[in-house]
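Observations on chain architecture
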Amino acid sequence: MPGPMSLIVIAVIALLVFGPKKLPEIGKAFGSSLREFKSATKGLVDDDESTVKKAEDKKELE
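Note that the structure is a prediction, hence the values are computed from the model and not measured.

A word on the overall build of the protein
Within the protein, the regular secondary structure consists of two helices and zero strands. Looking at the protein residue by residue over its 62 residues, the buried ones come to 2%. Just so you have it, the protein exposes about 6,000 Å², and 68% of that area is on carbon and sulfur atoms.

Considerations on a nonpolar patch on the surface
Judged by side-chain polarity, Met5, Ile8, Val9, Val12, Ile13, Leu16, Val17, Phe18 and Ile26 come together as a nonpolar surface patch covering roughly 890 Å² of accessible area. No other element matches the eight residues that helix α1 (residues 4-18) contributes to the nonpolar patch. With respect to the helices, strands and loops of the structure, phenylalanine 18 is situated in helix α1. Owing to a relative accessible area of 45%, phenylalanine 18 belongs among the partly exposed residues under this scheme.

A closer look at α1
An ideal rise of 1.5 Å per residue puts 21 Å on 15 residues; α1 measures up with 21 Å between its terminal C-alpha atoms. Glycine 19 sits one or two positions beyond α1 and adopts a positive phi of about 85°.

Here is what the cut-offs are and how they apply
Residues numbered from 1 in each chain as written. Predicted model: local features only at pLDDT ≥ 70, side-chain atom pairs only at ≥ 80, totals over all residues. Heavy atoms only, no water. Helix = DSSP H or I, 4+ residues; strand = E, 2+ residues; numbered from the N terminus. Buried < 20%, exposed > 50% of the residue type's maximum accessible area, 1.4 Å probe, protein only. Areas by Shrake-Rupley, 256 points an atom, 1.4 Å probe, with all protein chains shown as cover. Patch = residues over 30% accessible without salt bridge, like charges linked within 9 Å, V, L, I, M, F, W, Y side chains within 5 Å. Salt bridge = Lys/Arg side-chain N within 4 Å of Asp/Glu carboxyl O. Expected span 1.5 Å × (residues − 1).

This is the structure:
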């Protein structure tokens, strides 16, 4: 896990590369992408759980 000094160095480099006006836009885009990915993976896990439950219910009926 990176230490606090590493994170500060990365933040300074990002500030120099992208500039202060672009960083909030990049952060917002990253956050929305992460949120979308999280909801998509949650949907996959929910689908998996419902499939397992259906299979268990089918076994109980047999």
